[in-house]
Amino acid sequence: WASKDAHFPYLVHRIENSYADSVIVASAIYWLDIWDYNFSQEKILAIRGRLVALLDQQYLPIILEEKGVEVPKICNARFYLTADDPIPDETEGIQRRSLRFDLRYDRLVEIEEMLKREEERGN
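This report concerns the structure included in the present document. Note that the structure is predicted; figures quoted are calculated from it, not measured.

Looking at the packing of aromatic side chains
- The final tally for this structure, using the stated rule, is seven aromatic pairs.
- Ring geometry for phenylalanine 8 and tyrosine 37: centres 6.2 Å apart, planes at 45°, overall tilted. Placement of phenylalanine 8 in the segment before β1 (10-18) and of tyrosine 37 in strand β2 (residues 25-37) is noted, with a sequence separation of 29 residues between them.
- A relative accessible area of 35% means that phenylalanine 8 is categorised as partly exposed.

Quick word on the pairing of β2
- Within β2, 11 of the 13 residues are buried, which leaves it mostly tucked inside the rest of the structure.
- In this structure, β1 lies alongside β2, joined through nine bridges in antiparallel fashion. Within β2, the position partnered with tyrosine 10 by the bridge is tryptophan 35.
- Judged from the 13 bridges that link them, β2 and strand β5 (residues 94-107) form a sheet pairing that is antiparallel. Paired with tyrosine 37 across the two strands is isoleucine 94, which belongs to β5.

As for the nonpolar core
- Phe79 and Leu99 are the most contacted members of the largest nonpolar core, which totals 15 residues.
- Here this core takes five residues from β2, the largest share from any one element.
- In this structure phenylalanine 79 touches Tyr30, Leu55, Asp56, Gln57, Gln58, Leu60, Phe101, Asp102 and Leu103, once residues within four positions along its chain are discounted.

What to know about a negative patch on the surface
- There is a patch of like negative charges on the surface, built from Glu112, Glu113, Glu119 and Glu120.
- The topology assignment puts glutamate 112 in helix α2 (residues 108-122).

Looking at the pattern of salt bridges
- Using the criterion set out here, one finds five salt bridges in the structure.
- Here aspartate 33 ties to arginine 96 by a salt bridge, and the two come within 2.5 Å at their closest N and O atoms. Here the residue aspartate 33 occupies a position in strand β2, and arginine 96 occupies one in strand β5, the gap between them amounting to 63 residues.
- Ionic contacts of the salt-bridge type, sharing partners, join the residues Arg48, Asp84 and Arg97 into one network.

Conventions used here
Residues numbered from 1 in each chain as written. Predicted model: local features only at pLDDT ≥ 70, side-chain atom pairs only at ≥ 80, totals over all residues. Heavy atoms only, no water. Phe/Tyr/Trp six-rings, centres within 6.5 Å; stacked < 30°, edge-to-face > 60°. Helix = DSSP H or I, 4+ residues; strand = E, 2+ residues; numbered from the N terminus. Buried < 20%, exposed > 50% of the residue type's maximum accessible area, 1.4 Å probe, protein only. Pairing = 2+ DSSP bridges. Core = buried A, V, L, I, M, F, W, Y, C linked by side-chain atoms within 4.5 Å. Contact = heavy atoms within 4.5 Å. Patch = residues over 30% accessible without salt bridge, like charges linked within 9 Å, V, L, I, M, F, W, Y side chains within 5 Å. Areas by Shrake-Rupley, 256 points an atom, 1.4 Å probe, with all protein chains shown as cover. Salt bridge = Lys/Arg side-chain N within 4 Å of Asp/Glu carboxyl O. Lys, Arg positive; Asp, Glu negative; His and termini not counted. Charge placed at Lys NZ, Arg CZ, Asp CG, Glu CD.

And the structure:
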């Protein structure tokens, strides 16, 4: 979650990988919550619209960074919006909206290792 002194609006996201899939193509669930302090939903809906436009059914190349070094672990990811719900909050003026995306991605490292093994067998 966000820190207690986080400025509105802010996003909170989490990802849950499914390790039951094949080695090359994997799936996950990506939750993205939008938080705002506003008595109108106009701003949170505008943020939601922009996020959906950026993510839903788009192919995104992903490069992870570990200890300041770019690591190409994932080749491409595709997000599919599967849920979009307002979440009530007890505090007056707090707006929250939760988006859920199903995510499919391919793993570059595994693809490269398979190609390397095939190449070695061919020699």
